[in-house]
Amino acid sequence: MKNKLAYLGFLGFLGIFGLWSGAYAFVPFVLCFFFFTYANMECDELFILNLRRAGLWSATASLILQGILLCFMVWRNMTQAPVDMELSAYETLVLTAAAGDTVTLPGFFFLSMHLLIAYFSIIFMLSLCIFMFSLLYFSKREKRAVEE
(Lines give C-alpha, C1' and ligand atoms only; values in the text may rest on other atoms or scores of the structure.)
Protein backbone atom coordinates (compact mmCIF):
# COMPACT_ATOMS: atom_id res chain seq x y z
CA MET A 1 0.00 0.00 0.00
CA LYS A 2 1.34 3.39 -0.96
CA ASN A 3 -0.71 5.29 1.59
CA LYS A 4 -0.68 4.29 5.25
CA LEU A 5 -4.16 5.72 5.76
CA ALA A 6 -5.48 2.57 4.08
CA TYR A 7 -4.47 0.51 7.11
CA LEU A 8 -7.35 2.11 9.00
CA GLY A 9 -9.62 0.10 6.73
CA PHE A 10 -8.85 -2.99 8.78
CA LEU A 11 -10.83 -1.43 11.64
CA GLY A 12 -13.91 -2.22 9.56
CA PHE A 13 -13.62 -5.81 10.68
CA LEU A 14 -14.46 -4.64 14.21
CA GLY A 15 -17.76 -3.43 12.77
CA ILE A 16 -18.40 -6.83 11.21
CA PHE A 17 -17.62 -8.40 14.58
CA GLY A 18 -20.08 -6.00 16.22
CA LEU A 19 -22.83 -7.00 13.80
CA TRP A 20 -22.07 -10.68 14.26
CA SER A 21 -21.81 -10.66 18.06
CA GLY A 22 -24.54 -8.14 18.83
CA ALA A 23 -22.11 -5.61 20.31
CA TYR A 24 -23.68 -2.71 18.46
CA ALA A 25 -21.22 -0.17 19.84
CA PHE A 26 -18.73 -1.56 17.29
CA VAL A 27 -21.03 -1.17 14.28
CA PRO A 28 -19.78 2.35 13.31
CA PHE A 29 -16.39 0.80 12.58
CA VAL A 30 -17.91 -0.60 9.36
CA LEU A 31 -17.40 2.89 7.93
CA CYS A 32 -13.64 2.36 8.18
CA PHE A 33 -13.72 0.17 5.08
CA PHE A 34 -13.83 3.50 3.21
CA PHE A 35 -10.13 4.00 3.96
CA PHE A 36 -9.16 1.13 1.65
CA THR A 37 -9.92 3.48 -1.25
CA TYR A 38 -6.76 5.43 -0.39
CA ALA A 39 -4.45 2.41 -0.78
CA ASN A 40 -3.02 3.46 -4.16
CA MET A 41 -3.07 7.22 -3.66
CA GLU A 42 0.22 9.04 -3.37
CA CYS A 43 0.81 10.63 0.03
CA ASP A 44 2.07 14.12 -0.83
CA GLU A 45 2.13 17.37 1.12
CA LEU A 46 -1.26 18.51 -0.12
CA PHE A 47 -2.85 15.21 0.91
CA ILE A 48 -1.35 15.54 4.39
CA LEU A 49 -2.73 19.08 4.59
CA ASN A 50 -6.15 17.77 3.57
CA LEU A 51 -5.90 15.08 6.27
CA ARG A 52 -5.15 17.72 8.88
CA ARG A 53 -8.08 19.88 7.79
CA ALA A 54 -10.48 16.93 7.77
CA GLY A 55 -9.22 15.80 11.16
CA LEU A 56 -9.72 19.28 12.58
CA TRP A 57 -13.28 19.45 11.30
CA SER A 58 -14.04 15.99 12.66
CA ALA A 59 -12.46 16.61 16.07
CA THR A 60 -14.22 19.96 16.47
CA ALA A 61 -17.61 18.48 15.60
CA SER A 62 -17.00 15.53 17.91
CA LEU A 63 -16.06 17.76 20.86
CA ILE A 64 -19.12 19.95 20.35
CA LEU A 65 -21.47 16.97 20.05
CA GLN A 66 -19.97 15.26 23.11
CA GLY A 67 -20.37 18.41 25.17
CA ILE A 68 -24.02 18.71 24.12
CA LEU A 69 -24.55 15.02 24.88
CA LEU A 70 -23.08 15.24 28.37
CA CYS A 71 -25.15 18.33 29.19
CA PHE A 72 -28.26 16.52 27.94
CA MET A 73 -27.52 13.38 29.96
CA VAL A 74 -26.89 15.36 33.16
CA TRP A 75 -30.14 17.26 32.66
CA ARG A 76 -32.02 14.06 31.87
CA ASN A 77 -30.70 12.16 34.89
CA MET A 78 -31.34 15.03 37.26
CA THR A 79 -34.87 15.84 36.14
CA GLN A 80 -36.57 12.99 34.31
CA ALA A 81 -34.82 9.70 35.02
CA PRO A 82 -36.99 8.27 37.81
CA VAL A 83 -40.26 9.28 36.14
CA ASP A 84 -40.08 7.93 32.60
CA MET A 85 -38.04 4.77 32.94
CA GLU A 86 -39.16 1.18 33.18
CA LEU A 87 -37.27 0.82 36.44
CA SER A 88 -38.15 3.43 39.00
CA ALA A 89 -35.58 5.18 41.18
CA TYR A 90 -36.38 2.84 44.05
CA GLU A 91 -35.87 -0.39 42.16
CA THR A 92 -32.28 -1.49 42.18
CA LEU A 93 -30.07 -3.56 39.96
CA VAL A 94 -27.58 -5.84 41.67
CA LEU A 95 -24.35 -6.54 39.81
CA THR A 96 -22.06 -9.32 40.98
CA ALA A 97 -18.34 -8.95 40.39
CA ALA A 98 -15.95 -11.81 39.70
CA ALA A 99 -14.66 -11.72 43.27
CA GLY A 100 -18.17 -12.25 44.63
CA ASP A 101 -18.71 -8.62 45.65
CA THR A 102 -22.07 -7.12 44.81
CA VAL A 103 -22.78 -3.59 43.72
CA THR A 104 -26.27 -2.14 43.92
CA LEU A 105 -27.19 0.52 41.39
CA PRO A 106 -30.45 2.37 40.96
CA GLY A 107 -32.18 1.11 37.84
CA PHE A 108 -32.21 4.41 35.99
CA PHE A 109 -28.40 4.66 36.24
CA PHE A 110 -28.08 1.32 34.47
CA LEU A 111 -30.43 2.42 31.69
CA SER A 112 -28.61 5.74 31.42
CA MET A 113 -25.33 3.90 30.89
CA HIS A 114 -26.84 2.08 27.93
CA LEU A 115 -28.12 5.34 26.46
CA LEU A 116 -24.72 6.95 26.95
CA ILE A 117 -23.00 4.09 25.09
CA ALA A 118 -25.51 4.38 22.25
CA TYR A 119 -25.10 8.15 22.02
CA PHE A 120 -21.30 7.97 22.03
CA SER A 121 -21.46 5.33 19.28
CA ILE A 122 -23.62 7.67 17.21
CA ILE A 123 -21.21 10.55 17.82
CA PHE A 124 -18.27 8.36 16.81
CA MET A 125 -20.08 7.39 13.61
CA LEU A 126 -20.88 11.03 12.87
CA SER A 127 -17.27 12.11 13.44
CA LEU A 128 -16.06 9.36 11.10
CA CYS A 129 -18.58 10.48 8.47
CA ILE A 130 -17.50 14.11 8.85
CA PHE A 131 -13.87 13.07 8.48
CA MET A 132 -14.51 10.95 5.40
CA PHE A 133 -16.78 13.41 3.62
CA SER A 134 -14.54 16.39 4.34
CA LEU A 135 -11.50 14.45 3.11
CA LEU A 136 -13.46 13.56 -0.01
CA TYR A 137 -14.50 17.20 -0.45
CA PHE A 138 -10.92 18.46 -0.07
CA SER A 139 -9.56 15.90 -2.54
CA LYS A 140 -12.26 16.79 -5.12
CA ARG A 141 -11.48 20.47 -4.66
CA GLU A 142 -7.78 19.68 -5.14
CA LYS A 143 -8.50 17.82 -8.39
CA ARG A 144 -10.62 20.71 -9.70
CA ALA A 145 -7.82 23.17 -8.91
CA VAL A 146 -5.26 21.00 -10.77
CA GLU A 147 -7.54 20.72 -13.82
CA GLU A 148 -7.94 24.50 -14.06
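Residues numbered from 1 in each chain as written. Predicted model: local features only at pLDDT ≥ 70, side-chain atom pairs only at ≥ 80, totals over all residues. Heavy atoms only, no water.

(A) Examining the overall build of the protein chain more closely. Counting secondary structure elements, the protein chain contains four helices and two strands. Looking at the protein chain residue by residue over its 148 residues, the buried ones come to 26%. In the protein chain, of all internal contacts separated by at least 6 residues, the share reaching a separation of at least 24 is 63%. Taken as a whole, the protein chain presents about 9900 Å² of accessible surface, with 70% of it coming from carbon and sulfur. (Helix = DSSP H or I, 4+ residues; strand = E, 2+ residues; numbered from the N terminus. Buried < 20%, exposed > 50% of the residue type's maximum accessible area, 1.4 Å probe, protein only. Contact = heavy atoms within 4.5 Å. Areas by Shrake-Rupley, 256 points an atom, 1.4 Å probe, with all protein chains shown as cover.)

(B) Seen up close, the pattern of salt bridges. Throughout the structure, instances matching the rule amount to one salt bridge. Residues Lys2 and Glu42 are paired through a salt bridge, measuring 3.5 Å at the closest nitrogen-oxygen approach. Of the two residues, Lys2 is situated in the segment before helix 1 (12-21) and Glu42 in the loop between helix 1 and helix 2 (45-79); the sequence distance between them amounts to 40 residues. Here Lys2 matches Glu42 in class, with each residue exposed. (Salt bridge = Lys/Arg side-chain N within 4 Å of Asp/Glu carboxyl O.)

(C) Highlighting the side chain of Ser62. If you trace the backbone, Ser62 turns up in helix 2. Those residues in contact with Ser62, other than ones at most four positions away along the chain, are Ile123 and Ser127.

(D) Just the nonpolar core, in detail. Grouped together as the largest cluster of nonpolar side chains are twelve residues: Leu5, Phe29, Cys32, Phe35, Tyr38, Phe47, Ala54, Leu128, Phe131, Met132, Leu135 and Phe138. When contributions to this core are tallied by element, the ones reaching two or more residues are helix 2 and helix 4 (107-147). At five residues, helix 4 tops the list of elements feeding residues into this core. Setting aside anything within four residues of it in sequence, one finds Phe138 in contact with Asn50, Arg53, Ala54 and Trp57. (Core = buried A, V, L, I, M, F, W, Y, C linked by side-chain atoms within 4.5 Å.)

(E) View of the confidence of the model for the protein chain. For the protein chain, the average pLDDT comes to 81, and 78% of its residues sit at 70 or higher. No element of the protein chain has a lower mean pLDDT than helix 3 (residues 81-84), which averages 49, and none a higher one than helix 1, which averages 90. (pLDDT = per-residue confidence, 0-100.)

(F) Structural detail: helix 2. Compared with the 51 Å implied by 1.5 Å per residue over 35 residues, the 51 Å span of helix 2 between its first and last C-alpha is a close match. Every buried residue of helix 2 is listed here: Phe47, Asn50, Ala54, Ser58, Ala61, Ser62, Leu69, Met73 and Arg76. (Expected span 1.5 Å × (residues − 1).)

(G) Layout of helix 1. Buried residues of helix 1: Gly12, Gly15 and Gly18, and no others. End-on, the buried residues of helix 1 take up no more than an arc of 105°, which puts them together on one face. (Arc of directions from axis to C-beta.)

(H) The packing of aromatic side chains, seen in detail. In the structure shown here, the tally under the stated rule is 17 aromatic pairs. Each ring, one from Tyr38 and one from Phe47, has its centre 5.7 Å from the other, and the planes form 45°; the classification is tilted. A residue is classified by how much of its surface remains accessible, and Tyr38, at 3% relative accessible area, is buried. Clustering of aromatic rings is evident, with ring pairs tying together Tyr7, Phe10, Phe13, Phe33 and Phe36. A cation over an aromatic ring shows up here: Arg53 above the ring of Phe138, its NZ or CZ 5.5 Å from the ring centre. (Phe/Tyr/Trp six-rings, centres within 6.5 Å; stacked < 30°, edge-to-face > 60°. Lys NZ or Arg CZ within 6 Å of the ring centre and 35° of its normal.)

(I) Fine view of a nonpolar patch on the surface. Side chains of Tyr7, Phe10, Phe13, Ile16, Leu19 and Tyr24 sit close together on the surface and give an oily, nonpolar patch of about 660 Å² of accessible area. For Phe13, the position within the fold is in helix 1. (Patch = residues over 30% accessible without salt bridge, like charges linked within 9 Å, V, L, I, M, F, W, Y side chains within 5 Å.)

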